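Residues per chain are reported as follows:
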Amino acid sequence: MSRREFCHRTGVGVTAAAIAPLWASDLLAADPSAPAFRSLSFQHLHTGESLSVEYVQAGDYVAEALSAIDHVLRDHYSGDVHQIDPQLLDILHAVARDTGTRSPFRVISGYRSPATNEMLRRNGRGAARNSMHLKGKAIDIRLDDVDTAELRDVGLALGRGGVGYYRKSDFVHLDTGRVRRW
């Protein structure tokens, strides 16, 4: 390995390690009851992919786990991958805890590229022009063992972002934006 390559790898590792505890302290401010070890399970309904991963260990976000989540929650139309907001993952963890679910989150939509979002808007699929999905800060989900109305209510009770309820389509939108509902 060259010196330059070593420095680059080391610099990236140090940066990730330095930032992760800051995220963890931000989480503790938002949810002091959050455990030091957190895991999530996903099944993407469009790609068929599944992932179960411990994304926080000893209070720190795990870079490899976050990358795996980014991949599973990628734009399923274009394949584009984007960083998913760790606060969104913490909201999902709190939802799983508060509902007592044993089911993986069934993912309808995670990250959306600008092209995909515009295509959905043109086709009348209800995508917002400045959707939080474009920033990796939103997810559309359902759970097999929790009614979507209950899922909505748990999301609202958290008071940590936007919650949209789509009864006919049987899913709930959660995001890390300002607290609001629709």
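Just above, that's the structure.
Residues numbered from 1 in each chain as written. Predicted model: local features only at pLDDT ≥ 70, side-chain atom pairs only at ≥ 80, totals over all residues. Heavy atoms only, no water.

Chemist: If you had to explain the packing of helix 3 (residues 86-99) against helix 5 (residues 148-158) to someone new, which residues and values would you point to?
Modeler: Packing of helix 3 against helix 5 leaves a shortest axis separation of 10 Å and a crossing angle of 120°. On the basis of their axis angle, the class for helix 3 and helix 5 is oblique. Crossing angle aside, the handedness with which helix 3 passes helix 5 is right-handed. Between helix 3 and helix 5, the contacting residues are Ile-91, Ala-94, Val-95, Arg-97, Asp-98 and Thr-99 on the first element and Leu-151, Val-154 and Leu-158 on the second. For the contact of helix 3 with helix 5, the class distribution of residues is six nonpolar, one polar and two charged. (Axes fitted to C-alpha atoms, helices over the stretch in contact; angles between N-to-C directions. Helix = DSSP H or I, 4+ residues; strand = E, 2+ residues; numbered from the N terminus. Parallel < 35°, antiparallel > 145°, perpendicular 65-115°, else oblique. Left-handed = near helix turned anticlockwise from the far one by under 90°. Contact = heavy atoms within 4.5 Å. Nonpolar A, V, L, I, M, F, W, Y, C, P; charged D, E, K, R; others polar.)

Chemist: Could you give me a rundown of unusual backbone geometry, with the residues and numbers involved?
Modeler: Within the chain, Ala-58 stands out as a residue other than glycine whose phi angle is a positive 55°. Here Ala-58 is to be found in the loop between strand 2 (50-57) and strand 3 (60-61). Given the relative accessible area of 56%, Ala-58 is considered exposed. The backbone phi angle of Asp-170 is positive, close to 60°, even though this residue is not glycine. Inspection of the secondary structure assignment puts Asp-170 in the loop between strand 6 (162-166) and strand 7 (171-175). (Buried < 20%, exposed > 50% of the residue type's maximum accessible area, 1.4 Å probe, protein only.)

Chemist: Residue-level account of the pattern of salt bridges, with values.
Modeler: Counting across every chain of the model gives ten salt bridges. A salt bridge links Arg-74 to Glu-49, with the nearest nitrogen and oxygen atoms 2.7 Å apart. With Arg-74 in the loop between helix 2 (63-72) and helix 3 and Glu-49 in the loop between strand 1 (38-44) and strand 2, the pair connects residues that are 25 residues apart, well separated along the chain. Of the charged contacts, one joins Arg-121 and Glu-118 as a salt bridge, the two residues approaching to 3.7 Å between their closest N and O atoms. A residue pair is termed a helical-turn pair when its members lie 3 or 4 positions apart in one helix, as Arg-121 and Glu-118 do in helix 4 (residues 114-122) at three residues. For Arg-121, a relative accessible area of 27% puts it in the partly exposed group. Note on Glu-118: relative accessible area 33%, which makes it partly exposed. (Salt bridge = Lys/Arg side-chain N within 4 Å of Asp/Glu carboxyl O.)

Chemist: Kindly report on helix 3, identifying the contributing residues and their values.
Modeler: Across its 14 residues, helix 3 extends 20 Å between first and last C-alpha, which sits within 8% of the 20 Å expected from 1.5 Å per residue. Those residues of helix 3 that fall on the buried side of the exposure criterion are Pro-86, Leu-88, Leu-89, Asp-90, Ile-91, Leu-92, His-93, Ala-94, Val-95, Ala-96 and Thr-99. Where helix 3 begins, the capping side chain belongs to Asp-85, and its oxygen is found 2.9 Å from the backbone nitrogen of Gln-87. After helix 3 finishes, the residue Gly-100 shows a positive phi value of roughly 75°. (Expected span 1.5 Å × (residues − 1). Polar contact = N/O pair within 3.5 Å; in protein donor to acceptor, adjacent residues only side chain to side chain.)

Chemist: So, the packing of aromatic side chains: which residues are in play, and what are the values?
Modeler: The final tally for this structure, using the stated rule, is three aromatic pairs. On the numbers, 6.4 Å between centres and 40° between planes, the contact of Phe-42 with Phe-105 is tilted. Of this pair, Phe-42 sits in strand 1 while Phe-105 sits in strand 4 (residues 105-109), placing them 63 residues apart in sequence. With relative accessibility at 2%, the residue Phe-105 sits in the buried group. (Phe/Tyr/Trp six-rings, centres within 6.5 Å; stacked < 30°, edge-to-face > 60°.)

Chemist: Before we move on, can you summarise empty space enclosed by the protein with the specific residues and values?
Modeler: In the structure shown here, the tally under the stated rule is one cavity of 30 Å³ or more. For the largest cavity, the calculated volume is near 40 Å³. Forming the walls of the largest cavity are Ile-91, Gly-155, Leu-158, Arg-160, Gly-161, Gly-162, Val-163, Leu-174 and Asp-175. Among the residues making up the lining of the largest cavity, the classes are represented as four nonpolar, three polar and two charged. (1 Å grid on protein atoms, 1.4 Å probe; cavity = no way out; pocket = protein on both sides within 12 Å on 5 of 7 lines; lining within 4 Å. Points joined across faces, edges and corners; volume = space filled by probe spheres on them.)

Chemist: Which residues make up the nonpolar core, and what values go with them?
Modeler: Counting 34 residues, the largest nonpolar core has Phe-42, Tyr-55, Phe-105, Ile-139 and Leu-174 as the members making the most contacts within it. Elements supplying a minimum of two residues to this core: strand 1, strand 2, helix 2, helix 3, strand 4, strand 5 (138-142), helix 5 and strand 7. Of all the elements, helix 3 adds the most residues to this core, at seven residues. Apart from the residues within four sequence positions on either side, Phe-42 is in contact with Glu-49, Ser-50, Leu-51, Ile-69, Val-72, Leu-73, Leu-89, Leu-92, Pro-104, Phe-105, Val-107 and Ile-139. (Core = buried A, V, L, I, M, F, W, Y, C linked by side-chain atoms within 4.5 Å.)

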